[in-house]
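Listed below are the residues making up each chain.
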Amino acid sequence: RPIIRLRNVSKTFSSGTVALSGLSLDVAPGSFVSLLGPSGCGKSTALRIIAGLGDPTSGTVEWPTSKHDSSGRPEREISFVFQEPTLMPWATVFRNVWLPLRLKGISKAEASGRVMEALDLVGLAKFAGAYPRELSGGMKMRVSIARALVTRPKVLLMDEPFAALDEITRFKLNNDLLHLWETYGWTVVFVTHSVFESVYLSDRIVVMAARPGRVFEDMAIDAPYPRG
Ligand code: ADP
Ligand code: ADP
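Parameters and conventions
- Residues numbered from 1 in each chain as written.
- Chains lettered and ligands numbered in written order.
- Predicted model: local features only at pLDDT ≥ 70, side-chain atom pairs only at ≥ 80, totals over all residues.
- Heavy atoms only, no water.
- Buried < 20%, exposed > 50% of the residue type's maximum accessible area, 1.4 Å probe, protein only.
- Helix = DSSP H or I, 4+ residues; strand = E, 2+ residues; numbered from the N terminus.
- Pairing = 2+ DSSP bridges.
- Right-handed = clockwise from strand over helix to strand, strands pointing away.
- Axes fitted to C-alpha atoms, helices over the stretch in contact; angles between N-to-C directions.
- Phe/Tyr/Trp six-rings, centres within 6.5 Å; stacked < 30°, edge-to-face > 60°.
- Expected span 1.5 Å × (residues − 1).
- Arc of directions from axis to C-beta.
- Near = heavy atom within 4 Å.
- Polar contact = N/O pair within 3.5 Å; in protein donor to acceptor, adjacent residues only side chain to side chain.
- Areas by Shrake-Rupley, 256 points an atom, 1.4 Å probe, with all protein chains shown as cover.
- Core = buried A, V, L, I, M, F, W, Y, C linked by side-chain atoms within 4.5 Å.
- Contact = heavy atoms within 4.5 Å.

Looking at an unreviewed UniProt entry, the chain carries the name ABC transporter ATP-binding protein, with the source organism given as Methylobrevis albus.

Undergrad: Sorry, what's going on with the pairing of strand E7 (residues 187-192) here?
TA: On a regular strand, each side chain points to the face opposite its neighbour's, so the side chains alternate between the two faces of the sheet. Here E7 lies mainly inside the structure; six of its six residues are buried. What you see with E7 is no split at all: Thr187, Val189 and Val191 on one side and Val188, Phe190 and Thr192 on the other are buried throughout. Bridge analysis of strand E3 (residues 32-36) against E7 gives five bridges, and the strand direction is parallel. The residue bridging valine 33 from the neighbouring strand is valine 189, located in E7. Relative to E7, strand E6 (residues 155-159) runs parallel, the two sharing five bridges. For aspartate 159, the partnering residue across the bridge sits in E7 and is valine 191. Tracing the backbone out of E6, into helix H5 (residues 167-184) and back to the parallel element E7 gives a crossover that is right-handed.

Undergrad: So what exactly am I meant to see when it comes to the sheet that holds strand E2 (residues 18-27) here?
TA: Backbone-to-backbone hydrogen bonds pair the strands of a sheet. The strands run either parallel or antiparallel. Strand order in the open sheet formed by three strands is E2-E1-E4, with antiparallel pairing between adjacent strands. Of all strands in the sheet, those bounded by a partner on one side alone are E2 and strand E4 (58-62). Adjacent strand axes in the sheet meet at a mean angle of 15° when their direction is disregarded. As paired strands, strand E1 (residues 4-12) and E4 are joined by four bridges and run antiparallel to one another.

Undergrad: Which parts of the structure should I look at to understand the packing of aromatic side chains?
TA: Under the criterion given, the structure shown has seven aromatic pairs. Centroid distance phenylalanine 32 to tryptophan 181: 5.3 Å. Interplanar angle 85°. Geometry classified as edge-to-face. Of this pair, phenylalanine 32 sits in strand E3 while tryptophan 181 sits in helix H5, and the two are 149 residues apart along the sequence. Overall, the relative accessible area of 9% leaves tryptophan 181 in the buried class. With a centroid separation of 4.4 Å and 15° between ring planes, the pair formed by phenylalanine 80 and phenylalanine 82 is classed as stacked. You can call phenylalanine 82 partly exposed: its relative accessible area is 34%.

Undergrad: Explanation requested: H5 in the structure shown.
TA: Turn by turn, an α-helix covers 3.6 residues, leaving residues three or four places apart pointing in a common direction. With 18 residues, H5 should reach 26 Å at 1.5 Å per residue; the first-to-last C-alpha distance of 25 Å fits that figure. Residues Arg170, Leu173, Asn174, Leu177, Leu178, Leu180 and Trp181 constitute the buried set of H5. Around the axis of H5, the buried residues are gathered within 165° of arc, so they sit on the same side. Opposite the packed face of H5, turned more than 90 degrees from it, sit the exposed residues Ile168, Lys172 and Thr183.

Undergrad: I would appreciate a short explanation of the site of ligand 2 in the present structure.
TA: Around ligand 2, the surrounding shell consists of Ser44, Arg48 and Asp159. Between serine 44 and ligand 2, the recorded distance is 2.8 Å, taken from a side-chain N or O atom to an oxygen atom. For ligand 2, whose unbound accessible area comes to 550 Å², protein coverage reaches 25%.

Undergrad: Would you take a moment to explain the nonpolar core for this structure?
TA: Taken as a class, soluble globular proteins show a tendency for nonpolar side chains to be buried jointly. By size, the foremost hydrophobic cluster in this structure holds 38 residues, and its most contacted members are Met158 and Phe162. Sorting the residues of this core by element identifies helix H2 (93-103), helix H3 (108-121), helix H4 (137-149), E6, H5, E7 and helix H6 (195-201) as the ones contributing at least two each. Tallying contributions element by element places H4 first for this core, with seven residues. Apart from residues no more than four positions distant in its own chain, phenylalanine 162 is found in contact with Met141, Ile145, Arg170, Leu173, Asn174, Leu177, Phe190 and Glu197. Grouped together as the second largest cluster of nonpolar side chains are 24 residues, Leu35, Ala46, Ile49 and Val189 included.

Written as structure tokens, this is what we have:
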């Protein structure tokens, strides 16, 4: 069964812009799906709707395998990574990554272990005491990824996470992300307009067509490179 199921999702903003029109998509657990398409074709809108950050105008978003709370909302167990690392500048790397655990009420002792584990995974354990301004753009992005995985989500949603980074940093982060995906077994939905990135990273590419946004082409791909 899919972990996320979009059925005929349409979104018209109050401005009258039709961002999505009849988008249907099943995301299998453990898959790495890229949403690829030109600017303005509705990729971010689709991702935000998946995340529950916006409601569709019509159509449905289901999480068939998730538990539901008393009001019927699915427990999404997602983390969202944006293009701009939204780190708190006044807090250390450690405290930035710790915050989501604190919000969940996880004890400080357990949280510390998990924060260091997450920082270790992204190669930043040595920088736990540093402040965001002391880090490069790529390192800040790795902190964001650590913060996203520290809660052990089932699904990682990423909206053009590496677009602002230089090409070499971007390529390194692609490899880090692939490695994490393989070790971790989560489901990733990754928005990009880079054909290279989508082919390199994902096992499925969903190409979206602009005006109005819907699936244009849906391809399963065999990884062209040995992974990991
Ligand atoms: P993409 O991520 O593929 O670049 P978006 O989902 O950001 O596309 O946007 C799809 C279309 O919807 C664009 O025309 C965009 O300008 C418009 N749009 C996105 N968000 C809003 C909003 N909050 N209000 C009005 N129009 C929006
Ligand atoms: P991305 O490049 O990640 O697709 P955008 O730069 O298009 O995102 O949009 C950034 C933010 O602005 C999003 O939250 C989106 O919903 C909002 N937005 C985008 N286009 C419009 C618009 N035409 N009117 C109002 N808000 C918009």
